[in-house]
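The primary structure of each chain is shown beneath.
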2 protein chains.
Amino acid sequence: MRILVTNDDGILEPGLRALQAAAAELGEVTVVAPDSPQSAVGHSITVLDPILTRRVHVEGRFWGTAIRGRPADCVKLAWRQIMAEPPELVLSGINAGSNVGINVLYSGTVAAAAEGAILGAPSVAFSLEMGGEIDFQRAARHCRAVLDGLLAGGLAPGELVNVNIPDLSAGRPKGVKVVRQSIAGIDDTYQRRTDPRGRDYYWLEEAYDFRDPPADSDVIALRSGYITVTPLQVDLTASNRLAHLAGLDLQAGGAP
Amino acid sequence: MRILVTNDDGILEPGLRALQAAAAELGEVTVVAPDSPQSAVGHSITVLDPILTRRVHVEGRFWGTAIRGRPADCVKLAWRQIMAEPPELVLSGINAGSNVGINVLYSGTVAAAAEGAILGAPSVAFSLEMGGEIDFQRAARHCRAVLDGLLAGGLAPGELVNVNIPDLSAGRPKGVKVVRQSIAGIDDTYQRRTDPRGRDYYWLEEAYDFRDPPADSDVIALRSGYITVTPLQVDLTASNRLAHLAGLDLQAGGAP
């Protein structure tokens, strides 16, 4: 199996190394990842700038391609140029920090997997909730167990799955839950400061508290100590609103 | 009505001016937009850097806040800091270039509206297909007609709508169609070049051709000359795959 491994934290990060090692037992792994951290870049792609690439030997263990670009660029470029044949599986992570709830929308880790799904490969994003102890080796074993189950069950071309491992410093995960993505908001805040020239600037403060996430959601399951598995899609259509909008008179203004 | 207007092309662009003018007839408009073009940045937000802001007077017509950040930052910052009370409507655009099909995922224009929806306001993204003649004034009249229809029909808090105006150089739009977002892929390509130090770099080539978009999709309706209206959602859960995944043994590996 041809497997592409990428991430959004950067090619030298331990989460990627752990995922690469777990994937190498399943097939032939190609690593293409950003040369620097790309957190919260969402589904950015590089359109107007060149994408610089560089071959790197990571920790004396494997070769990969570091690119000066976004996580989604890594997958596009690997698919179109770097790999002789397209990957049969795209894995992204293991991200240092969870990607649940609306953070899924901001996540470069998930966007890289989504790009793999758009291009037609089954694609899985892996993230590890931060806590006391950060053990990517242990996290990778849980990722691998979930991945084995997904592969045994059959991942369709273009299928996209988001996996989150709970903070392992609290002990073993309580189990695996297949859950929805929450869309509960975050009460985040900015610090306002003034620069030496009198201009306002703002820093986003760290915020992890979701407002009333549903009990059956990824946010609650992860917080309760479960590994969360959420099937995602790249069709953003709100199907349940199509009929309502189709019933409206949308040329009311009679525009010329 | 308190209306926030933003875009991804930058605060000085004519598409934003046209949308600002159309919105000003409906309520009190606040403009917060990026200080430079932010195409294809998707749902990025600025987490690790400060967000610089600057008050600007645009073409002698209105004041706005230019920010060194992403389209989604504009909406978050306007909501949390710049506006005395949260907006009751968020409008993003008019983007120079269509945002249909999977380009919806890469679009900063759509991401800004999605951020408004996450925060709880009805939010609409507007984009204009490029063609021979670029007439944002005429495009804005069509946007306004669609918006009037949406408002008359009732936009719920957090409702997200993506509107595309066809190339107007071909004549009047044929009408308005409420359609799904296509997820058909794009056969895009990279040009490979070598820098003076022998390193490979790549340029993404322009590509607009979707592979087999469905007949009832935004891509086909826009290409056929219709204004497209697509309800979107920020819940990416692939609901139709939940039951399948829940039936798998995802702890098959028996991870420690």
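Look above for the structure.
A few points on the structure. (Residues numbered from 1 in each chain as written. Chains lettered and ligands numbered in written order. Predicted model: local features only at pLDDT ≥ 70, side-chain atom pairs only at ≥ 80, totals over all residues. Heavy atoms only, no water.)

## Observations concerning the relation of the copies chain B and chain A
(1) Moving on: Rotating chain B by 180° and translating it 0.0 Å along the rotation axis places it on chain A, where the RMSD comes to 0.0 Å. The two molecules are tied by a two-fold rotation axis, judged by turn and shift.
(2) Moving on: A high fraction, 100%, of the interface residues of chain B reappear at the interface in chain A, so the copies pair face to face through one surface. (Least-squares fit on C-alpha atoms with pLDDT ≥ 70 in both. Contact = heavy atoms within 4.5 Å.)

## Concerning the interface of chain B and chain A
(1) Moving on: Contacts between the two partners involve 81 residues from chain B, matched on the other side by 81 residues from chain A.
(2) Moving on: Each partner contributes to the roughly 8,000 Å² buried at the junction of chain B and chain A, and carbon and sulfur atoms together form 60% of this total.
(3) Moving on: Looking at the side of chain B facing chain A, the largest losses of area belong to B:Y190, B:L236 and B:L250, adding up to 10% of the total buried there.
(4) Moving on: B:R180 serves as the salt-bridge partner of A:D235, at 2.8 Å between the closest nitrogen and oxygen.
(5) Moving on: Here chain B is connected to chain A by 35 residue pairs in polar contact (both at pLDDT 80 or more).
(6) Moving on: For the side of chain B that touches chain A, the element with the highest residue contribution is helix α5 (residues 136–153) of chain B, accounting for 7 residues.
(7) Moving on: For the side of chain B that touches chain A, the residue count by class is 42 nonpolar, 20 polar and 19 charged. (Buried area = accessible area lost by both parts, 1.4 Å probe. Salt bridge = Lys/Arg side-chain N within 4 Å of Asp/Glu carboxyl O. Polar contact = N/O pair within 3.5 Å; in protein donor to acceptor, adjacent residues only side chain to side chain. Helix = DSSP H or I, 4+ residues; strand = E, 2+ residues; numbered from the N terminus. Nonpolar A, V, L, I, M, F, W, Y, C, P; charged D, E, K, R; others polar.)

## Considerations on the sheet that holds strand β6 (residues 123–128) of chain A
In any sheet, the strands associate via hydrogen bonds between backbone groups, in a parallel or an antiparallel arrangement.
(1) Moving on: What the 11 strands build is an open sheet, ordered β8(A)-β11(A)-β7(A)-β6(A)-β5(A)-β1(A)-β2(A)-β4(A)-β3(A)-β10(B)-β9(B); its pairing is mixed. Two strands in the sheet have a free side with no partner beyond their single neighbour: β8 (176–178) of chain A together with β9 (190–194) of chain B. Looking at each pair of strands side by side, their axes are set apart by 25° on average, direction ignored.
(2) Moving on: Bridge analysis of strand β5 (residues 89–96) of chain A against β6(A) gives 5 bridges, and the strand direction is parallel. Note that in β6(A) the partner of A:N95 across the bridge is A:S127.
(3) Moving on: The strands touched by helix α4 (residues 108–119) of chain A within the sheet are β1 (2–6), β5, β6, β7 (160–165) and β11 (227–232) of chain A, with β6(A) carrying the most contacts at an inclination of about 170°. (Pairing = 2+ DSSP bridges. Axes fitted to C-alpha atoms, helices over the stretch in contact; angles between N-to-C directions.)

## Comments concerning the sheet that holds strand β9 (residues 190–194) of chain A
(1) Moving on: On the basis of which strands lie adjacent, the open sheet formed by 11 strands has the order β9(A)-β10(A)-β3(B)-β4(B)-β2(B)-β1(B)-β5(B)-β6(B)-β7(B)-β11(B)-β8(B) and mixed pairing. Here the strands that pair on one side only, and so sit at the sheet edges, are β9 of chain A together with β8 (176–178) of chain B. Strand after strand, the sheet turns through a mean of 25° between neighbouring axes, direction not considered.
(2) Moving on: Across 4 bridges, strand β1 (residues 2–6) of chain B lies against strand β2 (residues 28–34) of chain B in parallel orientation.

## Regarding the pairing of strand β10 (residues 200–204) of chain B
(1) Moving on: Two strands pair when backbone bridges link them, and strand β3 (residues 51–58) of chain A and β10(B) are joined in this way by 2 bridges, in the antiparallel orientation. Its bridge partner being in β10(B), A:L52 is matched across the sheet by B:Y201.
(2) Moving on: In this antiparallel pair of consecutive strands, β9(B) and β10(B), the connection spans 5 residues, and B:G198 shows a positive phi of 85°.

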